[in-house]
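Observations on the three-dimensional arrangement
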Amino acid sequence: MATTPTSTPTPKTNRIGLTVLDYRGSKTTLCAGCGHNAISERIIDAMYEMGVPPERVIKPSGIGCSSKTPAYFMSRAHSFNAVHGRMPSVTTGAVLANHKLMALGVSGDGDTASIGIGQFVHLMRRNLPIIYIIEDNGVYGLTKGQFSATADLGSKLKTGVINDLPPIDTCAMAIELGATFVGRSFSGDKKQLLSMLKAAIAHRGTSMLDVVSPCVTFNDHEGSTKSYKYMKDHEEPIQDINFIPAFEEIDVDYDPGSTVQVTMHDGSRLQLHKIEEDYDPTDRVRAITRLHEAREKGEVLTGVFYVNPTAPTFMDVLNVIDEPLATLPESTVRPGREVLEQVMEELR
Ligand SMILES: Cc1ncc(C[n+]2csc(CCOP(=O)(O)OP(=O)(O)O)c2C)c(N)n1
Ligand code: SF4
Ligand SMILES: [Mg+2]
């Protein structure tokens, strides 16, 4: 009997002809169920759907379970595991050397808000083009679950120890300091996180996303405020987020009374359908006030808190030339003997 030839289905490709497999990394070694794994999955989806060439991406990180994750997505991108808390300075150097690269920095709440806080604040005030992700579980997962500086006042460790210090709100801090795209999401909220990541990719400047990401091994119990259950019960999104990339010519009607539309640097559109009626994500002062109010009320707000797509970046401030410094020929970057002699003369 003749057999019907079976044809292998052609894998789906994105606008630059790559499949989602081209955006994958090594197999994760994190605990099963760790929120960080879900964030890696969303990064893969966002980069694939936005058609970002993997070789254009640098994915630096610090130290921690979160900072291990760049190994689990985009194997074809450039990577650098920095010293604990020092990812911002390494990334600043890399972006200054080659601003054609897209930087996606991954950090943890310990890496950012404890040991790395000094580097974090200076990065935020520069508006360097970077997507900065904090995978926030409220503990130092890699060193067995001590409280970090984002742990909420009164939250409880498995051992029964209560946190008696107030948390640092990295989002309020980032807005205060000058970051131009700031939001909070939850690793368990696939749709929201994906839209926010895609908008962050389209943004020119610092995108700071604090993503609550439960640590199933050390901080997912009763009494924790970063557990799956607590987040499912307390997450309060301030908008429904819809992202329309510049390469999709879709005309969507929106009602300015109920939706804020922000046109991003590359022409993409971010539509924020208001859940909280009077929230305006372009109002910096209001955004900070709202985050302070949320803390007083014990609310876990998620969504895009602040966006300013037109602020000058660090590259604009430094007036960096278009050609990356890394590829300029030696004849251009190396001062000639006469220039050096002139400098020496001036120092005499
Ligand atoms: C200079 C230095 N100090 C301390 C440590 C120990 N250490 C490793 S990871 C870590 C905390 C990681 O916490 P976080 O950034 O929240 O990542 P998570 O593991 O929770 O994802 C600490 C304190 C270190 N590696 N280097
Ligand atoms: S210890 Fe916690 S943060 Fe680290 S991999 Fe396991 S679940 Fe994730
Ligand atoms: Mg942590």
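As a reminder, the structure under discussion sits directly above these lines.
First, a word on scope: everything that follows refers to the structure included in this document.

Rules of the game
- Residues numbered from 1 in each chain as written.
- Chains lettered and ligands numbered in written order.
- Predicted model: local features only at pLDDT ≥ 70, side-chain atom pairs only at ≥ 80, totals over all residues.
- Heavy atoms only, no water.
- Helix = DSSP H or I, 4+ residues; strand = E, 2+ residues; numbered from the N terminus.
- Rg over C-alpha atoms; globule rule 2.2 N^0.38 Å.
- Buried < 20%, exposed > 50% of the residue type's maximum accessible area, 1.4 Å probe, protein only.
- Contact = heavy atoms within 4.5 Å.
- Areas by Shrake-Rupley, 256 points an atom, 1.4 Å probe, with all protein chains shown as cover.
- Lys, Arg positive; Asp, Glu negative; His and termini not counted.
- Charge placed at Lys NZ, Arg CZ, Asp CG, Glu CD.
- Near = heavy atom within 4 Å.
- Nonpolar A, V, L, I, M, F, W, Y, C, P; charged D, E, K, R; others polar.
- Pairing = 2+ DSSP bridges.
- Axes fitted to C-alpha atoms, helices over the stretch in contact; angles between N-to-C directions.
- Salt bridge = Lys/Arg side-chain N within 4 Å of Asp/Glu carboxyl O.
- Donors = N, O, S within 2.8 Å, 3.2 Å for Na, K, Ca; no water.
- Arc of directions from axis to C-beta.
- Core = buried A, V, L, I, M, F, W, Y, C linked by side-chain atoms within 4.5 Å.

The next thing to look at is the overall build of the protein. Scanning the protein from terminus to terminus reveals twelve helices and 13 strands. The C-alpha radius of gyration computed for the protein amounts to 22 Å, which stays within 12% of the reference 20 Å derived for 348 residues, consistent with globular compactness. Each principal axis of the C-alpha atoms in the protein carries an extent, and together these give about 75 × 70 × 45 Å. Expressed as a percentage of the 348 residues in the protein, the buried residues total 49%. Of the contacts made within the protein by residues no fewer than 6 positions apart, 70% connect residues no fewer than 24 positions apart. When the accessible surface of the protein is split by element, carbon and sulfur atoms take 55% of a total near 16900 Å². In the protein, which carries 34 positive and 43 negative side-chain charges, the distance between the mean positions of the two groups comes to 6 Å.

A few words on unusual backbone geometry. In the Ramachandran plot, M74 falls in the positive-phi region, its phi being about 45° despite a non-glycine side chain. Looking at the element boundaries, M74 is found in the loop between helix 2 (65–68) and strand 2 (78–81). A residue is classified by how much of its surface remains accessible, and M74, at 0% relative accessible area, is buried. One non-glycine residue, N127, lies in positive phi territory at about 50°. Here N127 shows up in the loop between helix 5 (117–124) and strand 4 (130–136). On the basis of relative accessible area, N127 is assigned to the buried category, the value being 4%.

Okay, the site of ligand 2 next. In the vicinity of ligand 2, the contacting residues are L30, C31, C34, H36, C65, N137, G141, C215, V216, T217 and F218. In the shell around ligand 2, the residues fall into seven nonpolar, four polar and no charged.

Looking now at the site of ligand 1. Lining the immediate surroundings of ligand 1 are 17 residues, of which C65, S66, G110, D111 and G141 lie closest. Surface burial for ligand 1 is 74%, taken as the share of its 590 Å² of free accessible area covered by protein chains. Counting only elements with at least two residues in the shell around ligand 1, the list comes to helix 2, helix 4 (109–113) and strand 5 (139–140). The element that contributes the greatest number of residues to the shell around ligand 1 is helix 4, accounting for three residues. When grouped by side-chain class, the residues that make up the shell around ligand 1 number six nonpolar, nine polar and two charged.

Strand order across the open sheet formed by eight strands is 2-1-3-4-8-7-13-9, with mixed pairing between neighbours. Pairing within the sheet leaves two strands with one partner each, and these edge strands are strand 2 and strand 9 (235–237). Put simply, the sheet's adjacent strands are angled 20° from each other on average, direction ignored. Sheet topology note: the strand 7 (residues 181–186)/strand 8 (residues 206–212) ladder contains six bridges and is parallel.

What follows covers the pattern of salt bridges. Counted according to the given criterion, the structure contains 17 salt bridges. Here K198 ties to E49 by a salt bridge, and the two come within 2.7 Å at their closest N and O atoms. In this pair, K198 sits in helix 7 (residues 190–202) while E49 sits in helix 1 (residues 35–50), placing the two residues 149 residues apart along the sequence. Classification of K198 as buried rests on a relative accessible area of 13%. Its relative accessible area of 34% is what places E49 among the partly exposed residues.

Glancing now at the coordination of the magnesium ion (ligand 3). Protein-derived coordination of the magnesium ion (ligand 3) comes from D109 (OD), N137 (OD1) and V139 (O), at a distance range of 2.1 to 2.2 Å. Counting along the primary sequence, the residues that act as donors to the magnesium ion (ligand 3) give the motif D-x27-N-x1-V. Of this pair, D109 sits in helix 4 while N137 sits in the loop between strand 4 and strand 5, and the two are 28 residues apart along the sequence. Classification of N137 as buried rests on a relative accessible area of 5%.

Its place among the elements puts T150 in the loop between strand 6 (146–147) and helix 6 (170–177). A residue is classified by how much of its surface remains accessible, and T150, at 3% relative accessible area, is buried. The contact partners of T150, leaving out residues within four places of it in the chain, are D109, A113, D136, G138, P167, I168, T170 and K226.

It is worth spelling out helix 3 (residues 87–97) at this point. Residues of helix 3 that are buried include every one of M87, P88, T91, T92 and V95, and no others. In an axial view of helix 3, the angular spread of the buried residues amounts to 130°, which keeps them on one side of the axis. If you follow the buried residues of helix 3, they end up packed against strand 1 (57–61), strand 3 (102–108), helix 5, strand 4 and helix 10 (314–318).

Below, the discussion takes up the nonpolar core. With 39 residues, the main nonpolar core has M47, F181 and L270 as its most contacted residues. Looking at this core, the element that brings in the most residues is helix 7, giving eight residues. Residues L128, I238, A287 and M315 belong to the second largest nonpolar core, which totals 30 residues.

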